[in-house]
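Residue-level structure breakdown
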Amino acid sequence: MGTIEIVDLSSDDEGENHSPRAVKECHSHSGILEQSFSPVDDSGLSCPQSLCAAPICRQFWKAGNYDNGFGSEVSEQNAGNYLHVHPLFLHSNATSHKWAFGAIAELLDNAVDEVQNGATFVIVDKISNPKDGSPALLIRDNGAGMDPEAMRRCMSFGFSDKKSKFAIGQYGNGFKTGSMRLGADAIVFSRHLNNMILTQSIGLLSYTFLMRTQLDRIVVPMVNYEFNSSTESLEILNGREHFRSNLSMLLNWSPYSSEAELMKQFDDIGSHGTKIIIFNLWFNDDGNLELDFDTDPEDIRIAGDIKKIDTMPAKKIVNEQHIANRFHYSLRVYLSILYLRIPESFRIILRGKVVKLHNIADDLKYPEFILYRPQSGVSEKATVVTTIGFLKEAPEVNIHGFTVYHKNRLILPFWQVVDYSSNNRGRGVVGILQADYIEPTHNKQDFERTSLFQKLEVRLKEMTWEYWDYHCQLIGYQRRKPQTVVSPLDSSLKKPPASLTKRKAHGFIDLHSMKKQAMEENVRVVGCNQSVQTIASPAGQEAINLMEINKKLIAKCLEYEKGEEELNLKVTQLRSKIKEAQLEYDRLLAEVQSLL
């Protein structure tokens, strides 16, 4: 690709365009996206006196309140032709996100979904608004990018072309709610390459622009280009009149003052990808930026949201520093548990440093693996494997609950299904599971409260109490009701008591079955280096002896598996050497034959 020279078309004198590689006109559809998809009169939308002015109110939860009656009337000119989507809807739509990190997660979901299109990273960082120096939030990925039509759908409401059953996004609303919850304005740059056709699109979703100009409908200025390989230039895809109008609005209300500055934003995108810049970030109630970029240069925090733990001084630090509390205010911690699994080739890079993924199941001791098959007509494939155990810090921590994922995406972190405040029953018990058979809410911070969800909640509550009642003595608590020791290793026991029958019916299995089922369900098996409990109600010295026997057997199992892996590796190496020797033999034979 040759050098691309961009000429600023915002000038009124079209005769100034003399460059042979200048941006050229190529007629297409209008670049102004108006949510009713009806003709729009864009005259007068450009307001040169308001250069990226901040919104009237910089606090998100107050930004939708207007006492002057703004927006209460629709212009007579267009009222009879089509329905408007009022700008205030951008704010009310974004209030579905009570938590700023949930809004960031919405934007990251789109990048993770691009893995199927070859994406290998997503970057989250702070940049400076070049017009006023204020902080702005950057999210950039190297996915397939968006062509002009895909950009229009991205800026519209309810359009989603994600057909894969593995895609996280499905409602076509995440970009709008996520970006508008974080800041008043967002500008999107996207480069798309398909069948040797390269396009570049820029779109601006600006609450500030709509409020300051008092528009009665949502207008999204966009400019689109296509690269012409024969002339090595970018051609306009909007028609000059609409292009100039949209470009003027972009320059007035975005952080960039010239077309050249806009085009420079594509320099780090590569041949394809998308960059989102959210600016005019919201303030909190204290008048400070809601997102804190200064406390930790390698993190983004929510200002003033550190939870204080009311407990004994000796236990205060271990509770406050636990991941269950830190994810509330540390984006790095939250992103480390946001996805249960992502391809090894994909990286989440926060402020220049890769986020290390963390599986909460690795934090458990005495883990068990419980199968749950939901009823009410759900397919057998909906079987859920739940990993449950005590936190390693138990009983010092006052943390409990289940971390629930949907399609690999965290929905409910440390969901507290029981209340242990009166008798400690359930304290320190934590579980992790993936419930793909239940639909999440639109903001992906909860599940729809269906009967299936309610049944899951009841079962997880039972799991918590069952696990606690059988194992609480392992962390220093006295068992509530002594039970008869039952072990799979005890062949003298013909029939288990009723208390164990229920637990077995819910899926307590041996080590090999457990690992097989977990692999089938794509649930990571953890705890093999710990004392995996397959016995019910261990009590007294006999239980301890059985646990030690079980531990030794597991150690031998792992030793055999390790030996098998080593033998397989040696076989592979020998085969490689044999292949190399065969190739060398063939080469020497060929040389001998050539000499003869």
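Every value quoted in this text rests on a predicted model; they were computed, and no experiment measured them.

Some remarks on the nonpolar core
Counting 100 residues, the largest nonpolar core has Leu137, Ile187, Ile202 and Tyr334 as its most contacted members. Considering each element in turn, this core owes the most residues, nine residues, to helix α3 (residues 100-113). Dropping the residues within four chain positions of it, Tyr334 is found in contact with Trp99, Phe101, Gly102, Ala105, Phe327, Arg409, Leu410 and Gln445. Counting 29 residues, the second-largest nonpolar core is a separate cluster that includes Tyr372, Ala435, Ile438 and Leu456.

Structural notes on the packing of α3 against helix α11 (residues 331-338)
When two helices pack together, their arrangement is captured by the angle between the axes and the distance separating the axes. Packing of α3 against α11 leaves a shortest axis separation of 11 Å and a crossing angle of 50 degrees. Overall, the two elements α3 and α11 adopt an arrangement that is oblique. Note that α3 runs across α11; the crossing there is right-handed. Across from Phe101, Gly102, Ile104, Ala105 and Leu108 in α3, the residues of α11 making contact are Leu331, Tyr334, Leu335 and Leu338.

Notes on the environment of Asn325
Among the structural elements, Asn325 can be located in helix α10 (residues 323-326). Distance from Asn325 to Phe414, taken between C-alpha atoms, is 9.7 Å for residues 89 residues apart in sequence.

Describing the pairing of strand β17 (residues 409-415)
It is a general feature of regular strands that their side chains alternate between the two faces of the sheet. With six of seven residues buried, β17 lies mostly within the body of the structure. As paired elements, strand β16 (residues 401-406) and β17 share four bridges and run antiparallel to each other. Across the sheet, Phe402 pairs through a bridge with Trp415, a residue of β17. Connecting β16 to the antiparallel partner β17 that follows it, the hairpin turn spans two residues, and Lys407 within it adopts a positive phi of roughly 50 degrees.

Description of the pattern of salt bridges
The full count for this structure, using the stated rule, is 17 salt bridges. The partner of Glu290 in a salt bridge is Arg181, with the nearest N and O atoms 2.9 Å apart. A residue pair is termed long-range when its members are at least 10 positions apart, and Glu290 in the loop between β9 (273-281) and β10 (291-292) and Arg181 in helix α5 (residues 174-182) qualify at 109 residues. Owing to a relative accessible area of 1%, Arg181 belongs among the buried residues under this scheme. Between Asp299 and Arg301 there is a salt bridge, with its nearest N and O atoms 3.8 Å apart. Residue Asp299 is classed as buried on the basis of its relative accessible area of 3%. Note on Arg301: relative accessible area 21%, which makes it partly exposed.

Regarding the environment of Ala435
Turning to its location among the elements, Ala435 is positioned in the loop between β18 (429-434) and α12 (451-471). Residues Ala435 and Thr383, spaced 52 residues apart in sequence, show a C-alpha to C-alpha distance of 8.8 Å. Setting aside its immediate chain neighbours within four residues, Ala435 contacts Val404, Tyr405, His406, Phe447 and Leu456.

Some remarks on the confidence of the model for the protein chain
Summarising the model, the protein chain shows a mean pLDDT of 78, and 70% of its residues fall at 70 or more. Within the model, the stretch residues 68-79 combines pLDDT values under 50 with 14 contacts to residues more than four positions away or in other chains. Predicted confidence for residues 482-512 stays below pLDDT 50, and this span has 49 contacts to residues more than four positions away or in other chains.

Some words on the sheet that holds β16
The sheet built from five strands is open, its strands ordered β14-β15-β18-β16-β17 with mixed pairing. Of all the strands in the sheet, the pair left with one neighbour each is β14 (364-372) and β17. The sheet shows a mean angle of 15 degrees between the axes of neighbouring strands, taken without regard to direction. Note that strand β15 (residues 384-391) and β18 share four bridges and pair antiparallel. Bridge pairing in β18 links Gly389 to Val430. Strands in contact with α12 are β14, β15, β16, β17 and β18; relative to β14, the strand with the most contacts, it is inclined by about 140 degrees.

Concerning the side chain of Arg332
Mapped onto the fold, Arg332 is located in helix α11. An unpaired buried charge is present at Arg332: no salt bridge exists, and Asp299, the closest side chain of opposite charge, is 5.0 Å distant. In this structure the side chain of Arg332 is engaged in a polar contact, spanning 2.7 Å, whose partner is the backbone oxygen of Leu350.

Rules and cut-offs
Residues numbered from 1 in each chain as written. Predicted model: local features only at pLDDT ≥ 70, side-chain atom pairs only at ≥ 80, totals over all residues. Heavy atoms only, no water. Core = buried A, V, L, I, M, F, W, Y, C linked by side-chain atoms within 4.5 Å. Buried < 20%, exposed > 50% of the residue type's maximum accessible area, 1.4 Å probe, protein only. Helix = DSSP H or I, 4+ residues; strand = E, 2+ residues; numbered from the N terminus. Contact = heavy atoms within 4.5 Å. Axes fitted to C-alpha atoms, helices over the stretch in contact; angles between N-to-C directions. Parallel < 35°, antiparallel > 145°, perpendicular 65-115°, else oblique. Left-handed = near helix turned anticlockwise from the far one by under 90°. Pairing = 2+ DSSP bridges. Salt bridge = Lys/Arg side-chain N within 4 Å of Asp/Glu carboxyl O. pLDDT = per-residue confidence, 0-100. Lys, Arg positive; Asp, Glu negative; His and termini not counted. Polar contact = N/O pair within 3.5 Å; in protein donor to acceptor, adjacent residues only side chain to side chain.

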